[in-house]
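Notes for the structure review
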Amino acid sequence: MLRPTVALVMIAAGPALGDATALCVERATASRAQCDCATQSLRDAVDPETLALFDAVAGSALRFRADGLSRRLAWEEGIVAVATERGLGITDLLNRMNPVDRTHRAAIEACAG
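Residues numbered from 1 in each chain as written. Predicted model: local features only at pLDDT ≥ 70, side-chain atom pairs only at ≥ 80, totals over all residues. Heavy atoms only, no water.

The next point concerns the overall build of the protein chain. Helix and strand counts for the protein chain stand at 5 helices and 0 strands. Residue burial in the protein chain is summarised as follows: out of 113 residues, 35% are buried. Considering only contacts in the protein chain between residues 6 or more positions apart, those separated by 24 or more positions represent 62%. Element-wise, carbon and sulfur atoms account for 56% of the exposed surface of the protein chain, whose accessible area totals about 7100 Å². (Helix = DSSP H or I, 4+ residues; strand = E, 2+ residues; numbered from the N terminus. Buried < 20%, exposed > 50% of the residue type's maximum accessible area, 1.4 Å probe, protein only. Contact = heavy atoms within 4.5 Å. Areas by Shrake-Rupley, 256 points an atom, 1.4 Å probe, with all protein chains shown as cover.)

This part is about the packing of helix α1 (residues 18-26) against helix α3 (residues 48-66). Packing of α1 against α3 leaves a shortest axis separation of 7 Å and a crossing angle of 45°. As the angle between them shows, α1 and α3 are arranged oblique. The two elements α1 and α3 meet at a crossing, and its hand is left-handed. Listed contacts from α3 to Gly18, Asp19, Ala20, Ala22, Leu23 and Glu26 of α1 are Phe54, Asp55, Ala58, Gly59, Ala61, Leu62 and Arg65. Split by residue class, the contact of α1 with α3 holds 7 nonpolar, 2 polar and 4 charged. (Axes fitted to C-alpha atoms, helices over the stretch in contact; angles between N-to-C directions. Parallel < 35°, antiparallel > 145°, perpendicular 65-115°, else oblique. Left-handed = near helix turned anticlockwise from the far one by under 90°. Nonpolar A, V, L, I, M, F, W, Y, C, P; charged D, E, K, R; others polar.)

This paragraph deals with the confidence of the model for the protein chain. Residues with a pLDDT of 70 or more make up 84% of the protein chain, whose mean pLDDT is 84. Looking at the elements of the protein chain, mean pLDDT is at its lowest for α1, recorded as 83, and at its highest for helix α4 (residues 71-86), recorded as 96. (pLDDT = per-residue confidence, 0-100.)

So, on to the pattern of salt bridges. Side chains that differ in charge, positive against negative, can pair when their charged atoms come close. Counting across every chain of the model gives 7 salt bridges. As a salt-bridge pair, Arg32 and Asp36 come within 3.0 Å of each other at their nearest N and O atoms. Taken together, the positions of Arg32 and Asp36, both in helix α2 (residues 32-45) and 4 residues apart, correspond to about one turn of that helix. Linking Glu49 and Arg96 is a salt bridge whose minimum nitrogen-to-oxygen distance equals 3.6 Å. (Salt bridge = Lys/Arg side-chain N within 4 Å of Asp/Glu carboxyl O.)

Taken as a whole, this structure holds 1 aromatic pair when the rule is applied. With centroids separated by 5.7 Å and ring planes inclined at 55°, the aromatic side chains of Phe54 and Trp75 adopt a geometry described as tilted. With Phe54 in helix α3 and Trp75 in helix α4, this pair connects stretches of sequence that are 21 residues apart. Taking relative accessible area as the criterion, Trp75 reaches 9% and is therefore assigned buried. (Phe/Tyr/Trp six-rings, centres within 6.5 Å; stacked < 30°, edge-to-face > 60°.)

Here, disulfide denotes a covalent bond that connects the sulfur atoms of two cysteines. Scanning the entire structure with this criterion turns up 2 disulfides. Across the disulfide, Cys24 is cross-linked to Cys35 (sulfur-sulfur distance 2.0 Å). Because the sign of the S-S torsion sets the handedness, a value of about -80° for the bond joining Cys24 and Cys35 places this disulfide among the left-handed ones. With Cys24 in helix α1 and Cys35 in helix α2, the pair connects residues that are 11 residues apart, well separated along the chain. Exposure remark for Cys24: the relative accessible area of 1% places this residue in the buried category. Taking relative accessible area as the criterion, Cys35 reaches 0% and is therefore assigned buried. (Disulfide = S-S within 2.5 Å.)

Printed below as a string of structure tokens:
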């Protein structure tokens with residue numbers, strides 16, 4: 001006899017932000033717990049659409065970091081890559097993401113204690 005199975009589905013409160021957390025962890029001075037804290041702070045401070053864009057830029061920047069670029073250049077190239085991929089203006093995306101990056105970096109520092 002077959003028994004019906006109940007599947008539970010979790011609906012996330014926003015994007016997973018795996019790349020944003022990984023970008024934080026990539027910093028030599030940040031622990032995983034500190035980065036998880038900072039990512040949650042960012043999630044509380046920024047709307048889901050902007051978070052998804054930030055996570056995409058973070059992922060792209062990580063790939064550029066793996067290729068040997070500095071954090072700053074990797075971030076800039078990540079902006080260009082995501083803007084191009086999504087048909088967005090590079091300057092517009094940069095202006096939208098830089099404040100989110102500053103918020104994330106401030107959260108990383110605040111979560112250090």
